[in-house]
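# Fold and geometry: a report
These are the residues of each chain, in order.
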Amino acid sequence: MSFVTGQELAPKTYKINRALLKQYADASGDQNPIHQDEAFAKSVGLPDVIAHGMLTMALAGKYLSDLNGSQSVLEFSAKFIKPVVVPANKDVELIISAKVGEIADGIAKIEITAVCEDVKVLGVAKGAIRI
Amino acid sequence: MLDPDLIGRTFNGANATTVTQESINNFAAVVGESNLTVAPPTFSISITLEQSQKLLQDSGLDWTRVVHGEQKFEIKRPIVAGDELTCSSTIESYRVAAGNEIVSVRSDLHSNDELVVSTWSTLVVRA
């Protein structure tokens, strides 16, 4: 795949559900109950169970990896600006898209957009990949 | 509240973490990654977050009210199975805004003397 500054990269959709939250909790070791226990999440003022911010970032990391392989990812950063709410028995769609930023010395900056239910969930999400 | 004397100090994790192929496979499966020869880009959080949590709890932060504000990774080389990684964490900044405590922690993962991944986590303790 070739990259040009300003190029818009095609969006991809990732499904997030309660089973994936459990799977991520087990894989990452982050067993915070706000990501698994609806009653607990509501008791601390959340609307429902929310996804781990780092799960959203891991999925955006997969989007970055798919551009030129996992081994090409050099930098990746994001702010968690809105929670991804995950109701029971529902697949929530996370839509990731990106634009190619500056390219220099064989490294492309990637500006990532992550949207869930028409709301941006990651802020200033950026990657750098070797191309 | 955090003890201000802790800001800028570096804490070395007691034990090295040996990265297993199974741990890479499990993390990759969550995101649908089929390349299992290297760890996915955010895999290191499974090592660094636990260490940051311990450091900050020991430092007096109320972990039950922590939310993740920002995260950054600089990957010098991908993590692979068999890596024995030691984690050193530094509280880089701490401030209080509108009653929320905002802490930035840098964690470096080394394999022997080689820096493999640096991560920065900004954590917010809600008022």
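Conventions used here
Residues numbered from 1 in each chain as written. Chains lettered and ligands numbered in written order. Predicted model: local features only at pLDDT ≥ 70, side-chain atom pairs only at ≥ 80, totals over all residues. Helix = DSSP H or I, 4+ residues; strand = E, 2+ residues; numbered from the N terminus. Rg over C-alpha atoms; globule rule 2.2 N^0.38 Å. Buried ≥ 20, exposed ≤ 12 C-beta atoms within 10 Å, placed from the backbone. Core = buried A, V, L, I, M, F, W, Y, C linked by C-beta atoms within 7 Å. Contact = placed C-beta atoms within 7 Å. Axes fitted to C-alpha atoms, helices over the stretch in contact; angles between N-to-C directions. Parallel < 35°, antiparallel > 145°, perpendicular 65-115°, else oblique. Left-handed = near helix turned anticlockwise from the far one by under 90°. Nonpolar A, V, L, I, M, F, W, Y, C, P; charged D, E, K, R; others polar. pLDDT = per-residue confidence, 0-100.

Broken down by element type, chain A carries three helices and six strands. Ordered by position from N to C terminus, the α and β elements of chain A give β-α-α-α-β-β-β-β-β. The globule rule puts the C-alpha radius of gyration for 131 residues at 14 Å, and the 16 Å found for chain A is close to it. For chain A, the C-alpha atoms occupy an extent of roughly 50 × 30 × 20 Å along the three principal directions. Counting every position in chain A, which comprises 131 residues, the buried fraction comes to 40%.

Counting residues in hydrophobic clusters, the biggest one holds 59 residues, and the most contacted among them are A:Leu59, A:Ala60 and A:Ile112. Looking at this core element by element, the count peaks at eight residues for helix H3 (residues 53-68) of chain A. The residues touching A:Ala60, leaving out its near neighbours within four places in the chain, are A:Ala78, A:Ile96, A:Ile112, A:Ala114, A:Leu122 and A:Ala125. In this structure, B:Leu56, B:Val103, B:Val105 and B:Val125 belong to the second largest nonpolar core, which totals eight residues.

The N-to-C vectors of helix H1 (residues 18-28) of chain A and helix H1 (residues 21-31) of chain B enclose an angle of 155°; their axes lie 9 Å apart at closest approach. Taken together, the axis directions place H1(A) and H1(B) in an arrangement best described as roughly antiparallel. Crossing hand, H1(A) versus H1(B): left-handed. Contact residues: H1(A) offers A:Leu20, A:Gln23, A:Tyr24, A:Asp26, A:Ala27 and A:Ser28, while H1(B) offers B:Asn26, B:Phe27 and B:Val30.

Quick look at the interface of chain B and chain A now. Contacts between the two partners involve 24 residues from chain B and, on the opposite side, 28 residues from chain A. Every element with two or more residues in the side of chain B that touches chain A is listed here: H1, helix H2 (45-58) and strand E3 (66-75) of chain B. Sort the elements by how many residues they give to the side of chain B that touches chain A and E3(B) lands first, with eight residues. In terms of residue class, the side of chain B that touches chain A is made up of 11 nonpolar, eight polar and five charged.

Turning to the confidence of the model for chain B, a few remarks are in order. Across chain B, the average pLDDT comes to 91, with 100% of residues at 70 or higher. Model confidence for the complex is summarised by a pTM of 0.95, with the ipTM given as 0.95.

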